[in-house]
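# Structure at a glance
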Amino acid sequence: MPTLHWIGKEKVINHHLDVPFKVLEHSYGFDNGKQSDKETNSGNKIIHGDNLEALKALLPEYEGKIKCIYIDPPYNTGNEGWVYNDNVNDPKFKKWLHSVVGKEGEDLSRHDKWLCMMYPRLVLLKKLLSDDGSIWVSMDDSESHRLRIILDEIFGENKFIACNIWQKRYSRENRQAIGDTHEFIYVYAMNPDKFKIQRNKLPLGAKQLKVYKNLNNDPNGAWRATSFSAQGFRPNQMYEIVSPKTGKKFTPPEGSCWKKIESEYFKLFEDNLIYFGKDGNAMPQRIQYLKDIEGIAPWTWWPHEEVGHTDESRKEIQKIFGSQTIFDTPKPVRLIERIVHIACNKGDTILDSFAGSSTTAHAVLNLNKQDNGNRKFILIEMEDYAETISAERIKRVIKGYGETEGKDGSFDYYELGQPMFIEEGVLNEAVGLEKIRQYVFYTETKTALIELKHKDNDTFLGKHNQTAYYFNYESEKVTTLNHDFLATMKTKAEQYVIYADNCLLTKDYMTKNHIIFKKIPRDITRF
Ligand SMILES: C[S@@+](CC[C@H](N)C(=O)[O-])C[C@H]1O[C@@H](n2cnc3c(N)ncnc32)[C@H](O)[C@@H]1O
């Protein structure tokens, strides 16, 4: 498969492994329209910080669990002076680039820089996607051709689902030779077969609904007549059909056959699903009831009438905040609603790691209100407006603004906290024992530690796949795995993994009793 090369690539392809693991510090919860110190545990989260570190921080709880990722990263248009900086010259980004790519980073073109920024983030996003999940990426012509190649490389060419065209403008642009009216939304699925099976159909729009009528007071409701003939020649679909009302005989039109074989036609006829026109003299047609239509299959053409345009999204923000331009590039809520509708079921989690003005959360709250769903959102935003715009918009959407009714819901706001390890791999006690325990359990089992009441000693982490895990750690004391410690353990398992500072058990004893000793901090896995 052809791949893309750029300056700095070799420094960033495995960079996700070097990103320090930082814990998430809970700042406040927002519930019932009020802010408090209490964690809502609603599953809805906003994280303020660089998404590279924030995505890593999400791994213990969410690896392989996110159903839908939508991202709208900087397009790298070269424009300066926007509310956020779109040409990867942001000082925070430059600092990061210098630390990862080194001095070489100073000579990179803006395309090299953009690719360096995107690559490790996409690698981490992939780790978070569930087996039946999909990622949706907005982009315009500035980087879309390069984006497609790295998406192929990271997710797999065979995971490509579609490139949707979103019509962002509806008026002509006289200043350009050919006016730019669209953007792309690339879709890749972890497993295209699973994505296909559970893809949700779109509700019929007003235009499609108009086609269904109930002209004859049919108790089954509105219906429409569709053609019963198909192009081609299939001998067993070439029979004669007789109108029951007039006795008029029909054969398929020139170059066509009927859509079904004769026995299937009779079944439809008996079920009153064949229509010969008002007077019984028209070519047979098939009746399709509105109640039997699940919706329409999505396609790659997303016109502004169906999903909104950029003017609509700016006006929406102005309605919420009551000011002129506080954020320049919001997406229309209807656009993200469509993505969530196709990609998610009612209880799924949607992640947006370039949150901006939180349109994704707005779309999730709208859909939940409409269908009583329980979809959850996780948003990451690095700029300081994470609080004043990203979180504030969600609060206003929940409470209601102007004439718009509140959508209910709650969320928790987090800052990126301390790193788990300080220099020379020493555990950072400042993060607290609870977070250290969660980290260790996750590195061992790849599952989240849910602290439940149990009857074992305080060092017990949990049992997973017939292995019991213990983390014998005290900040002020050296801990030892010995027979006294074993006497305090109560959980029966096929194998025991025990972390401590020292071990006084013999190798033979441990082998015989299926005990594995792991030294703190040496044997704690970094990921
Ligand atoms: C195009 S805007 C997203 C707009 C959003 N879809 C909306 O509807 O409002 C991109 C956002 O990503 C944020 N961003 C850029 N790099 C980031 C990073 N490394 N970590 C977190 N956020 C980042 C920018 O600050 C900006 O707010």
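Residues numbered from 1 in each chain as written. Predicted model: local features only at pLDDT ≥ 70, side-chain atom pairs only at ≥ 80, totals over all residues. Heavy atoms only, no water.

### Some remarks on the overall build of the protein
Note the threshold: Per the convention used, a helix needs a DSSP run of H or I reaching at least four residues, while a strand needs a run of E reaching at least two, with both numbered from the N terminus. Note on classification: 1.4 Å probe, protein chains only; a residue is buried when its accessible area is under 20% of the maximum for its type, exposed when over 50%, partly exposed between these limits. Whether two residues touch is decided by their heavy atoms; if any such pair falls within 4.5 Å, the residues are in contact. What sets the accessible areas is the Shrake-Rupley method with a 1.4 Å probe; for residues, cover comes only from the shown protein chains. Only four residue types enter the charge count: Lys and Arg as positive, Asp and Glu as negative, with His and the chain ends excluded. Here the site of a charge means atom NZ of a Lys, CZ of an Arg, CG of an Asp or CD of a Glu.
Within the protein, the regular secondary structure consists of 16 helices and 28 strands. Each principal axis of the C-alpha distribution contributes one length, and for the protein these read about 100 × 65 × 50 Å. By residue count, 49% of the 527 residues in the protein fall in the buried class. Of the contacts made within the protein by residues no fewer than 6 positions apart, 71% connect residues no fewer than 24 positions apart. Of the roughly 26600 Å² of accessible surface on the protein, a fraction of 49% belongs to carbon and sulfur atoms. Here the protein contributes 73 positively and 75 negatively charged side chains, and the mean placements of these two sets differ by 5 Å.

### Notes on the site of the ligand
This is how it is decided: Any residue with a heavy atom lying within 4 Å of a molecule or strand is counted as near it. Polar contacts, as used here, are pairs of N or O atoms within 3.5 Å; protein pairs need one atom able to donate a hydrogen and one able to accept it. Residues neighboring in sequence count only if both atoms are side-chain atoms. Side-chain classes follow a simple rule in which Ala, Val, Leu, Ile, Met, Phe, Trp, Tyr, Cys and Pro form the nonpolar group, Asp, Glu, Lys and Arg form the charged group, and the remainder, Gly included, forms the polar group.
Asp72, Ser357, Thr359, Glu381 and Tyr385 are the nearest of the 21 residues found near the ligand. Here Thr359 contributes a side-chain N or O atom positioned 2.5 Å from an oxygen atom of the ligand. Between the ligand and Glu381 there is a distance of 2.7 Å, counted from an oxygen atom to a side-chain nitrogen or oxygen. For the ligand, the accessible surface in isolation is 600 Å², of which the surrounding protein chains cover 97%. Across the shell around the ligand, the residue classes break down as 8 nonpolar, 7 polar and 6 charged.

### Remarks on the packing of helix α10 (residues 310-321) against helix α13 (residues 385-399)
Selection criterion: Whenever a helix is involved, its axis is fitted only over the stretch in contact; in every case the axis is a line through C-alpha atoms, and angles between N-to-C directions fall within 0 to 180 degrees. An angle counts as roughly parallel when it lies under 35 degrees, as roughly antiparallel when it exceeds 145, as roughly perpendicular when it falls between 65 and 115, and as oblique in every other case.
Between α10 and α13, the least distance of the axes is 10 Å, while the angle of their chain directions is 75°. Comparing the axis directions of α10 and α13 gives the class roughly perpendicular. Residues Glu316, Ile317, Ile320 and Phe321 of α10 form the contact with α13, whose participating residues are Thr388, Ile389, Glu392, Arg393, Arg396 and Val397. Classifying every residue of the contact of α10 with α13 by side-chain character gives 5 nonpolar, 1 polar and 4 charged.

### Looking at α13
Note the cut-off: For a helix, the expected span equals 1.5 Å multiplied by the residue count minus one. Two axes enter the bend calculation: one fitted to the seven residues ending at the residue in question, the other to the seven starting there, and the bend is the angle between them.
Helix length check: α13 (15 residues) gives 20 Å between terminal C-alpha atoms against 21 Å at 1.5 Å per residue, within 8%. Largest kink in α13: about 35°, centred on Glu392. Along α13, the positions that sit buried rather than exposed are Tyr385, Ala386, Ile389, Ser390, Ala391, Arg393, Ile394, Lys395, Val397 and Ile398. Two residues or fewer past α13, Gly400 is found with a positive phi of approximately 100°.

### Here we look at the pattern of salt bridges
The criterion, for reference: A pair is scored as a salt bridge if a Lys or Arg side-chain nitrogen falls within 4 Å of a carboxyl oxygen belonging to Asp or Glu.
Summed over the entire model, instances satisfying the criterion amount to 25 salt bridges. With its nearest N and O atoms 2.9 Å apart, the salt bridge here joins Glu392 to Arg396. With Glu392 and Arg396 both in helix α13 and 4 residues apart, the pair spans about one turn of that helix.

### Notes on the sheet that holds strand β14 (residues 285-289)
Hydrogen bonds along the backbone pair up the strands of a sheet, which may run parallel or antiparallel. The criterion, for reference: Any two strands between which DSSP finds at least two bridges are classified as paired.
If you trace the 3 strands from one edge of the open sheet to the other, you get β8-β14-β13, paired in antiparallel fashion. A strand with exactly one partner marks an edge of an open sheet, and here the two such strands are β8 (223-227) and β13 (274-275). Note: β8 against β14, 5 bridges, orientation antiparallel. Among the inter-strand pairings, Ser227 is bridged to a residue of β14, identified as Gln285.

### Regarding the side chain of Ser134
Among the secondary structure elements, Ser134 is positioned in strand β5 (residues 129-139). Looking at Ser134, its side chain comes within polar contact range of the side chain of Trp136, at 2.9 Å. When residues no more than four places from it in sequence are discounted, the contact partners of Ser134 are Lys67, Cys68, Ile69, Leu129, Val187, Tyr188, Ala189, Phe195 and Ala343.

### Comments concerning helix α14 (residues 433-445)
In this model, α14 (13 residues) spans 18 Å end to end at C-alpha, consistent with the 18 Å of a helix rising 1.5 Å per residue. Listing the buried residues of α14 in full gives Ile436, Arg437, Tyr439, Val440, Phe441, Tyr442, Thr443 and Thr445. Looking at the packing, one finds that the buried side of α14 touches α2 (51-62), β21 (421-422), β22 (426-427), β23 (460-464), β24 (467-471) and β26 (495-500). Downstream of α14 by one or two residues, Lys446 has phi in the positive range, about 60°.

### Observations concerning the nonpolar core
So the rule is basically this: Residues grouped as a nonpolar core are buried Ala, Val, Leu, Ile, Met, Phe, Trp, Tyr and Cys residues, joined through side-chain atoms within 4.5 Å.
Leu58, Leu122, Leu351 and Phe471 are the most contacted members of the largest nonpolar core, which totals 73 residues. Among the elements that take part in this core, helix α4 (residues 110-128) stands out by supplying 11 residues, more than any other. The contacts of Phe471, once residues within four sequence positions are left out, are Leu427, Leu433, Ile436, Arg437, Val440, Thr459, Leu461, Tyr499, Ile520 and Ile524. Within the second largest apolar cluster, 45 residues are counted, among which are Tyr70, Ile320, Ile398 and Tyr401.

### Re the sheet that holds β26
Across the sheet, which stays open at both edges, the 4 strands sit in the order β23-β24-β26-β28 with mixed pairing between neighbours. Because the sheet does not close on itself, it has two edges, and the strands there are β23 and β28 (515-519). Mean inter-strand twist for the sheet, computed between neighbouring axes without regard to direction, equals 15°. Of the strand pairs in this sheet, β26 and β28 are connected by 5 bridges, and their pairing is parallel.

### Overview of the packing of aromatic side chains
Our working rule: Two rings from Phe, Tyr or Trp (for Trp, the six-membered ring) form a pair when their centres sit within 6.5 Å of each other. Planes less than 30 degrees apart are called stacked, planes more than 60 degrees apart edge-to-face, and all others tilted.
All chains considered together, the criterion is met by 23 aromatic pairs. A ring pair is formed by Trp136 and Trp302, whose centres lie 6.3 Å apart and whose planes are at 45°; its orientation type is tilted. Taken as a pair, Trp136 in strand β5 and Trp302 in strand β15 (residues 301-302) lie far apart in primary sequence, 166 residues in all. The class for Trp136 is buried, based on a relative accessible area of 2%. Their ring planes at 70° and their centres at 5.0 Å tell us that Trp223 and Tyr275 sit as a pair that is edge-to-face. Of the two residues, Trp223 sits in strand β8 while Tyr275 sits in strand β13, which places them 52 residues apart along the sequence.

### Some thoughts on the side chain of Ser144
Following the sequence through the fold, Ser144 ends up in helix α5 (residues 144-155). Residue classification places Ser144 among the buried residues on the basis of a relative accessible area of 6%. In this structure, Ser144 is in contact with Met139, Phe184 and Tyr186, ignoring residues within four places of it in sequence.

### Overview of the domain arrangement of the protein
Put simply, the rule is: Throughout, the edges of the domains are those of an automatic or database domain assignment.
As far as domains go, the protein holds domain 1 (9-200 + 299-419), domain 2 (206-292) and domain 3 (427-519). Computed from C-alpha atoms alone, the centre-to-centre distance between domain 1 and domain 2 is 47 Å.

### Re the pairing of strand β6 (residues 160-167)
Bridge analysis of β6 against strand β7 (residues 182-189) gives 7 bridges, and the strand direction is antiparallel. Of the residues in β7, the one forming a bridge with Gln167 is His182. Bridge count for β6 against β15 is 2 bridges, and the pairing is parallel. Bridge pairing in β15 places Ile165 opposite Trp301.

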